[in-house]
Every structure is written in structure tokens, then in C-alpha cells.
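Observations on the model geometry
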Amino acid sequence: RHTRLQGDWSSDVCSSDLYHLGLVLDVPARSGKPGVLLGLIRWPEVQRLLDETQQVLVDESHFPSAQAFLVDPEGVVQAHSDRAHYGQQLAPDALRRAVLQSASGNAEFVATDGRRSLCGFCRFGNEANRTWTLCLTVPEDELFLAMDSFARVLLAAIAVTLLVLTAWSLLAEIGRAHV
């Protein structure tokens, strides 16, 4: 059974087999009404998927502060790579509004630590108790760190190239002056 989690939150919810995430998919039929495929994912597996998603963002993409989480249609965090966020309203308000108003997209926001961050999100489902939004957040300074490093290397390469070209041009002029 999929139950929207409410009330006091504890680590028991993260490891409980009593809670499931339901995935409902339409199955088209060549004739007649389409069927439905229902999949239930035990909550520990949901949490494991979020944790592994975050770990990939940290290890492979080098985003040490990345977070992955699920939000219900009211903006309450149902699962999070940081268990302390379970059951809390998604904050800040501007981020919650952006996530709830669009089926997918991204939104810039200022995190509670004061860092400008980017949240990418995608909603799954359209019915009560069967709708949730997957969100991934990364601080902008981490997102642009590789690009900033590349820009510094590129500027250094341009400066060295200009220096070499200038030296080569000066040596050519000195060589012509002595001929």
C-alpha cells in the first residue's frame, strides 16, 4: 500500500516495508480499453535509489553537495538523501511553488546555507496518492566549477599562445634587421 507519510518522522520510516511507492503505467491495447500496470517499490528501495543517485552525483559528477528527494503534491518531502528532511515542507517557498506548478523543469533558488542552487525536477503521476516529484539539487558554484576551471586553463593557453607568437614575431624582426 502506498500511504502518504505524515506525523512524526523517524528512521523507522526509511527502513519500513510497510510503505511503498506506487508506479502506475497505462498499457495500450490494440483493441478495447488500455490496461494498467501497477508496480510497488518498497520504501527501503526508494531510499536506496535516492541515496545511490546522490552518490553518483557526488562521485562521478563531482557535486559534493548534491541532493535527491521526492516531494508529494502538497510540497512535503516524502523521501530525501538527507533523512532530516523527511516530512518537511520543501523550502524555500519559491522552490516549492516552482516544483508544484510545473510538471518538469528547473528552478534557481537560495538554499538554507545561503548558496545559490539549481533544482531539476520531474513529476510522475497525476492522481491523488499517486503523484510525486523527483528533485535533484546542486549548488551553482559546484555546477560551474568545472567550467570555471576550463575558462582559466583556456585563458592561460591563449596568453601563452600570444606570448609565443609575440616572441616569434620579435625574433623574426630581429633576424630581418641583421640580414
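Analysis parameters
Residues numbered from 1 in each chain as written. Predicted model: local features only at pLDDT ≥ 70, side-chain atom pairs only at ≥ 80, totals over all residues. Heavy atoms only, no water. Pairing = 2+ DSSP bridges. Helix = DSSP H or I, 4+ residues; strand = E, 2+ residues; numbered from the N terminus. Axes fitted to C-alpha atoms, helices over the stretch in contact; angles between N-to-C directions. Contact = heavy atoms within 4.5 Å. Core = buried A, V, L, I, M, F, W, Y, C linked by side-chain atoms within 4.5 Å. Buried < 20%, exposed > 50% of the residue type's maximum accessible area, 1.4 Å probe, protein only. Salt bridge = Lys/Arg side-chain N within 4 Å of Asp/Glu carboxyl O. pLDDT = per-residue confidence, 0-100.

**Concerning the sheet that holds strand 6 (residues 116-124)**
- Read from one edge of the open sheet, 5 strands run 4-3-7-6-5, paired in antiparallel fashion. Only two strands of the sheet have a single neighbouring strand rather than two, namely strand 4 (77-80) and strand 5 (104-110). Averaged over all adjacent pairs, the angle separating strand axes in this sheet is 25°, with direction ignored.
- Here strand 3 (residues 67-71) runs beside strand 7 (residues 132-139); their pairing, made up of 5 bridges, is antiparallel. Bridge pairing in strand 7 places Leu70 opposite Leu134.
- Across the sheet, helix 3 (residues 93-101) is in contact with strand 5, strand 6 and strand 7; its angle to strand 6 comes to roughly 30°.

**Considerations on the pairing of strand 4**
- By the bridge criterion, 3 bridges tie strand 3 to strand 4 in an arrangement that is antiparallel. Residue pairing in the sheet places Val71 in a bridge with Val77 of strand 4.
- Linking strand 3 to strand 4, which pair antiparallel, is a turn of 5 residues; within it Gly75 sits at a positive phi near 90°.

**Overview of the nonpolar core**
- Among the nonpolar cores identified, the biggest contains 12 residues, and these are Phe69, Val71, Val77, Leu90, Leu95, Val99, Ala107, Phe109, Ala111, Cys119, Phe121 and Cys135.
- Elements with a contribution of two residues or more to this core: strand 3, helix 3, strand 5 and strand 6.
- Among the nonpolar cores identified, the runner-up in size contains 9 residues, and Leu21, Val46, Leu50 and Leu70 belong to it.

**Describing the pattern of salt bridges**
- All told, the structure shown has 8 salt bridges when counted by the stated rule.
- A salt bridge links Arg83 to Asp51, with the nearest nitrogen and oxygen atoms 2.6 Å apart. With Arg83 in the loop between strand 4 and helix 3 and Asp51 in helix 2 (residues 43-59), the pair connects residues that are 32 residues apart, well separated along the chain.
- A salt bridge links Glu108 to Arg116; the shortest N-O distance between them is 2.6 Å.
- A relative accessible area of 51% places Glu108 in the exposed class.
- Taking the relative accessible area as the measure of exposure, Arg116 reaches 46% and is therefore partly exposed.

**Considerations on the confidence of the model for the protein**
- When pLDDT is averaged along the protein, the result is 81, and 83% of the positions lie at 70 or above.
- Looking across the protein, the model is least confident in helix 1 (residues 11-15), with a mean pLDDT of 50, and most confident in helix 3, with 95.
- Scored below 50 in pLDDT, residues 1-11 shows 23 contacts in the model against residues more than four places distant or in partner chains.

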